[in-house]
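A closer look at the structure
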Amino acid sequence: MSPMFVPGPVDVAPVVLAAQAKPMMPHRSKDFEEIFRRTAEKAQKLFYTQYRVFQGTSSGSGMQEAGVRNFVQEQVLSCVNGAFADRWNKCAIANGKKADRLEVPWGQAITPEMLADAIKKKSYEAVTIVHNETSTGVENPVKELAKVVHELSPDTLILVDAVSSLGGTKIEMDAWGIDFLLTSSQKCLALPPGLSLAAASDRAMKKAETVANRGWYFDLVLMEKHRLKDSTPMTPVMPLIFALDVQLDRILEEGLDNRFARHAAMAKRTQNWAVAHGMDPLAPEPYRSKTVSTIKNTKGLDIAALNKFLLTKGMRIANGYGDLKDKTFRIAHMGEITMSDVDSLLANMEEFMG
Ligand SMILES: Cc1ncc(COP(=O)(O)O)c(C=O)c1O
């Protein structure tokens, strides 16, 4: 495997890739329903939830859309501190919702104090928060953010995008009181793209029943009716469910705490290396991501040339996102990446830097 230090799609283990090639079967068959049920049950462990986990035939953005369509009739507060939080806000507006923005500059975190101020001023049906901003390497303090919402506005639902962190960082959905928690297959889960997973609380599902115009494809109330029979309203993405079945076994075999410790150690190693080379992470402490390090390019490295060099070693990193292109670069350390891969990458970067 040639390590790709990009924040998705990431490398997929050969055994997981191979699982997709299993012969197809009718999706309304006992054999498939059994696989679908067990992937959902194993996913509950990863989400730290007793609630349902939906397995959607879409990338993560589909579940961002499902979140705002199902749980918001009118008023939602979008916490925005990066590109994917901005997308979720635009998605809410595109779906006809009134979506206010609680916004801080890219690279900063949304703090509980800021959120408290915003929800004291106005009442919202839901807030959207991106746990790990892939564009900036900022991890928002979701546990503390959820706490202030529960204290100040207990009826407000908490919708969390963990596309680039779930499976790499511990996110305790039930203990933190998250109502909707979504992710994509192609990042920390180290699966090919095309599958989304999202868990929803009972109170969120109750609310969804009252929301008009939930659409059809992402109507979670309809999906729930089918899920209760270990099925979906539409044809599920069967090869990815086969792969998920194998990959969840591998993840649980590694042990969730071991997996989170591996990601945290790789983040620390990468970020300490960057600081030692005079390049600080964009995110301040204690908001640095465990899965993607966004580093300020204060040395003025030619990122395209760096990647060209790294490719000769079978590796690649990611440039900065959007306006941060060339001003930052991103090293993703997620999924199948190990500490020895990180060590090799950093050694190669040192060789490039001379
Ligand atoms: C934090 C975050 N949210 C949402 C998305 C969109 O996910 P997808 O590309 O799976 O639709 C991404 C993609 O990189 C992301 O990093």
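Residues numbered from 1 in each chain as written. Predicted model: local features only at pLDDT ≥ 70, side-chain atom pairs only at ≥ 80, totals over all residues. Heavy atoms only, no water.

1. Points about the site of the ligand
Filter applied, for reference: Near residues are defined by distance, with any heavy atom within 4 Å of the molecule or strand qualifying the residue. As used in this structure description, the phrase polar contact means that two N or O atoms lie within 3.5 Å; if the pair is within protein, one of them must be able to donate a hydrogen and the other to accept it, and residues adjacent in sequence are counted only when both atoms belong to side chains. With residues, only the protein chains shown are counted as cover, and all accessible areas are computed by Shrake-Rupley using a 1.4 Å probe. In this text, helices come from DSSP runs of H or I with a minimum length of four residues, and strands from runs of E with a minimum of two, each type numbered from the N-terminal end. Each residue is assigned to one of three groups, with Ala, Val, Leu, Ile, Met, Phe, Trp, Tyr, Cys and Pro labelled nonpolar, Asp, Glu, Lys and Arg labelled charged, and all others, Gly among them, labelled polar.
Taken together, 14 residues lie around the ligand, and S59, S61, T134, D161 and S184 are the ones closest in. Note that an oxygen atom of the ligand is positioned 2.5 Å from one of the side-chain N or O atoms of S59. One of the side-chain nitrogen or oxygen atoms of K187 is found 2.8 Å away from an oxygen atom of the ligand. About the coverage of the ligand: the protein hides 90% of its 390 Å² of free accessible area. Looking at the shell around the ligand, the elements that each hand over two or more residues are α3 (60–71) and α4 (83–94). A per-element tally of the shell around the ligand places α3 first, with 3 residues. Grouping the amino acids of the shell around the ligand by side-chain chemistry returns 3 nonpolar, 8 polar and 3 charged.

2. Observations regarding the environment of L152
The test is simple: It only takes one pair of heavy atoms within 4.5 Å for two residues to be counted as in contact.
Within the secondary structure, L152 is located in helix α6 (residues 142–152). Between the C-alpha atom of L152 and that of E139, which follows or precedes it by 13 residues, the distance is 23 Å. Residues within four places of L152 in sequence aside, it is in contact with A116, I119 and K120.

3. Comments concerning the sheet that holds strand β9 (residues 180–184)
In any sheet, the strands associate via hydrogen bonds between backbone groups, in a parallel or an antiparallel arrangement. Applied cut-off: If DSSP finds at least two bridges between two strands, the strands pair. Every angle, taken between N-to-C directions, lies between 0 and 180 degrees, and every axis is a line fitted to C-alpha atoms, over only the stretch in contact when it is a helix.
Judged by pairing direction, the sheet is mixed, and its 7 strands sit side by side in the order β2-β10-β9-β8-β5-β3-β4 without closing on themselves. Edge strands, defined here as strands with exactly one partner in the open sheet, are β2 (52–56) and β4 (98–103). Mean inter-strand twist for the sheet, computed between neighbouring axes without regard to direction, equals 20°. Relative to β9, strand β8 (residues 157–161) runs parallel, the two sharing 3 bridges. Bridge assignment links D161 to a residue of β9, and that residue is L182.

4. What to know about the nonpolar core
Short version of the rule: Definition used in this section: a nonpolar core is a set of buried Ala, Val, Leu, Ile, Met, Phe, Trp, Tyr and Cys residues joined via side-chain atoms within 4.5 Å. Exposure is judged per residue with a 1.4 Å probe applied to protein chains only, and the accessible area is read against the type maximum: over 50% gives exposed, under 20% gives buried, and values in between give partly exposed.
With 52 residues, the main nonpolar core has L46, F47, L77, L115, V127, I178 and L181 as its most contacted residues. Per element, the largest residue contribution to this core is 8 residues, and it comes from helix α10 (residues 238–254). In contact with L77, other than residues within four places in its own chain, are D100, R101, L102, L115, A118, I119, Y124, A126, V127 and T128. W88, V163, A208 and V221 belong to the second-largest nonpolar core, a separate cluster that totals 29 residues.

5. Observations concerning the UniProt feature "modified residue: N6-(pyridoxal phosphate)lysine" (unreviewed entry) in the protein chain
Rules: UniProt positions are given in the numbering used here, feature names are shortened, and annotations may be inferred rather than shown by experiment.
The sites that UniProt annotates as "modified residue: N6-(pyridoxal phosphate)lysine" (unreviewed entry) are K187. With residues up to four places along the chain from it excluded, the contact list for K187 reads P7, G8, V10, V163, S164, M334 and G335.

6. What about the sheet that holds strand β13 (residues 328–332)?
Judged by pairing direction, the sheet is mixed, and its 4 strands sit side by side in the order β1-β12-β13-β11 without closing on themselves. Each end of this open sheet is capped by a strand with a single partner; those strands are β1 (4–5) and β11 (292–296). Alignment of β11 against β13, held across 5 bridges, turns out to be antiparallel. Its bridge partner being in β13, T294 is matched across the sheet by R330. Packed onto the sheet, helix α12 (residues 303–312) meets β12 (316–319) and β13 and runs at close to 165° relative to β12. Each of β1, β12 and β13 touches helix α13 (residues 339–353); the most contacted strand, β13, lies at about 150° to it.

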